[in-house]
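# What the coordinates show
For reference, the chains in residue letters:
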Amino acid sequence: MKRFLQRTVGLLLIGAGVMGLVISLAGLFIGLPALSAAEETLSRRIDDLERALIAAADGLTVADASLISATETIIAIETTVRSSGQAISDTLPTIDRIGTLVGIEIPHAIRSTQQTLASARETARVADAVLGAISRIGLLDASTYNPDVPLNQAIQQVSDSLDPLPASLSSVRDRLMVTRANLRRIGTNTDAIAENIAEINDSFRDARQVINRYQTLVTDLQADLAALRTALPVWFGVARALLALLSVWFALAQIALFTQGMSLLRRL
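Owing to the predicted nature of the structure, the values given are computational and were not obtained by experimental measurement.

Basis of the calculations
- Residues numbered from 1 in each chain as written.
- Predicted model: local features only at pLDDT ≥ 70, side-chain atom pairs only at ≥ 80, totals over all residues.
- Heavy atoms only, no water.
- Helix = DSSP H or I, 4+ residues; strand = E, 2+ residues; numbered from the N terminus.
- Buried < 20%, exposed > 50% of the residue type's maximum accessible area, 1.4 Å probe, protein only.
- Contact = heavy atoms within 4.5 Å.
- Areas by Shrake-Rupley, 256 points an atom, 1.4 Å probe, with all protein chains shown as cover.
- Salt bridge = Lys/Arg side-chain N within 4 Å of Asp/Glu carboxyl O.
- Core = buried A, V, L, I, M, F, W, Y, C linked by side-chain atoms within 4.5 Å.
- pLDDT = per-residue confidence, 0-100.
- Patch = residues over 30% accessible without salt bridge, like charges linked within 9 Å, V, L, I, M, F, W, Y side chains within 5 Å.
- Arc of directions from axis to C-beta.
- Polar contact = N/O pair within 3.5 Å; in protein donor to acceptor, adjacent residues only side chain to side chain.

### A word on the overall build of the protein chain
Scanning the protein chain for helices and strands turns up three helices and zero strands. Secondary structure elements in the protein chain, listed N-terminal to C-terminal, are α-α-α. Relative to its full complement of 268 residues, the protein chain shows a buried share of 22%. Long-range pairs, those at least 24 residues apart, make up 91% of the contacts in the protein chain with a sequence separation of at least 6. About 17500 Å² of surface is accessible on the protein chain, with carbon and sulfur atoms providing 67% of the total.

### Here's the deal with the pattern of salt bridges
Per the counting criterion, the structure on display carries 11 salt bridges. Put simply, R97 and E105 hold a salt bridge, and the shortest N to O gap is 2.7 Å. Residue E105 is classed as partly exposed on the basis of its relative accessible area of 32%. Here the salt bridges share partners, and the residues they tie into one network are R45, D48 and R51.

### With respect to the nonpolar core
Ranked by size, the top nonpolar core spans 10 residues in total: L35, I46, L53, L60, L67, I211, V218, L225, L232 and F236. Once residues within four sequence positions are removed from consideration, V218 is found in contact with L53, A57 and L60. Counting seven residues, the second-largest nonpolar core is a separate cluster that includes I110, L117, I155 and L162.

### Some details on the confidence of the model for the protein chain
Per-residue pLDDT for the protein chain averages 79, and the proportion of residues at 70 or more is 77%. Mean pLDDT across the elements of the protein chain ranges from a minimum in helix 2 (residues 151-161), with 78, to a maximum in helix 3 (residues 164-266), with 82.

### Here we look at a nonpolar patch on the surface
There is a patch of nonpolar side chains on the surface, built from V234, W235, V238, L242 and L245 and spanning about 540 Å² of accessible area. Within the secondary structure, L245 sits in helix 3.

### Some details on helix 2
Along an α-helix, residues three or four positions apart point the same way, because every turn accommodates 3.6 residues. Turning to helix 2, its buried residues number three or more, namely N152, I155 and S159. The arc that holds the buried residues of helix 2, viewed along the axis, is 65°, so those residues lie on one side.

### Some points on the environment of T219
Secondary-structure assignment places T219 in helix 3. Residues T219 and I54 lie 165 residues apart in sequence; the distance between their C-alpha atoms is 9.3 Å. At a separation of 2.8 Å, a polar atom in the side chain of T219 contacts the main-chain carbonyl oxygen of Q215.

### Examining the environment of P33
Relative to the helices and strands, P33 resides in helix 1 (residues 2-136). Take P33: its relative accessible area is 46%, and that puts it in the partly exposed class. A C-alpha to C-alpha distance of 9.5 Å links P33 and R240, two positions 207 residues apart in sequence.

### Things to note about the side chain of T190
Counting through the fold element by element, T190 comes out in helix 3. Side-chain polar atoms of T190 contact the backbone oxygen of I186, separated by 2.6 Å. Dropping the residues within four chain positions of it, T190 is found in contact with V81, G85 and I88.

### Looking at the side chain of Q114
Here Q114 lies in helix 1. Engagement of the side chain of Q114 in a polar contact is seen with the side chain of D163, the distance being 2.5 Å. Discounting chain neighbours no more than four positions away, the residues touching Q114 are S159, L162 and D163.

### Quick look at the environment of V126
Take V126: it is sitting in helix 1. For V126, a relative accessible area of 46% translates into the label partly exposed. C-alpha separation for the pair V126 and L151, spaced 25 residues apart in sequence, amounts to 9.9 Å.

Given below as structure tokens:
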């Protein structure tokens, strides 16, 4: 019974040793190529990621350049709109002054002129009467003072010709006030448009900040991939060495089992 048990244990140890040795050799000859294949696959994936990051970096650069150009354009538009609004605002006092001049001062001057002409007309009427009387009594030659239109009538005609001017000037002033109101509304709308354009410019600035953060992220990822590519051969070299050591160690252990089993069988 003891010899049977010893033979069984010996055979089992020999079988385990052979099986373990086969597994050890299989791990060595299969594991090493598998590690090489894994290294090559990871290297290709790193290549793909690097190309993708380069494309992303180029796209971000183009987007940033486009935003810079758009920002410059928006700033120019905002400056133009604000200048237009300022020009309109600067025009309003001039329109007020012209309206005052046309609607108040000039009509007042015309009325003053008409009053002066009225006084001159009375004086001219007296002068016409005196000169006419002198001419009629023969003190003056009839051809010396015989106007087609007496001076007082001529002055009255001049005064009458001034009558429509105040109403016309008042109409001009009314149109100027309408224009002024329209320009004020335009100026207000222009200021609002300029503020909206400034908000758009702020949005562009925020978008550029986001792009800059993405560019920093892409740069960091590219640096990490470069470090990974450098470290990859080292890591897989260490992995191959460890696999080889483990396989040899396991094979030696299996040889020890095989030897122990053979020793048990020799004792029978």
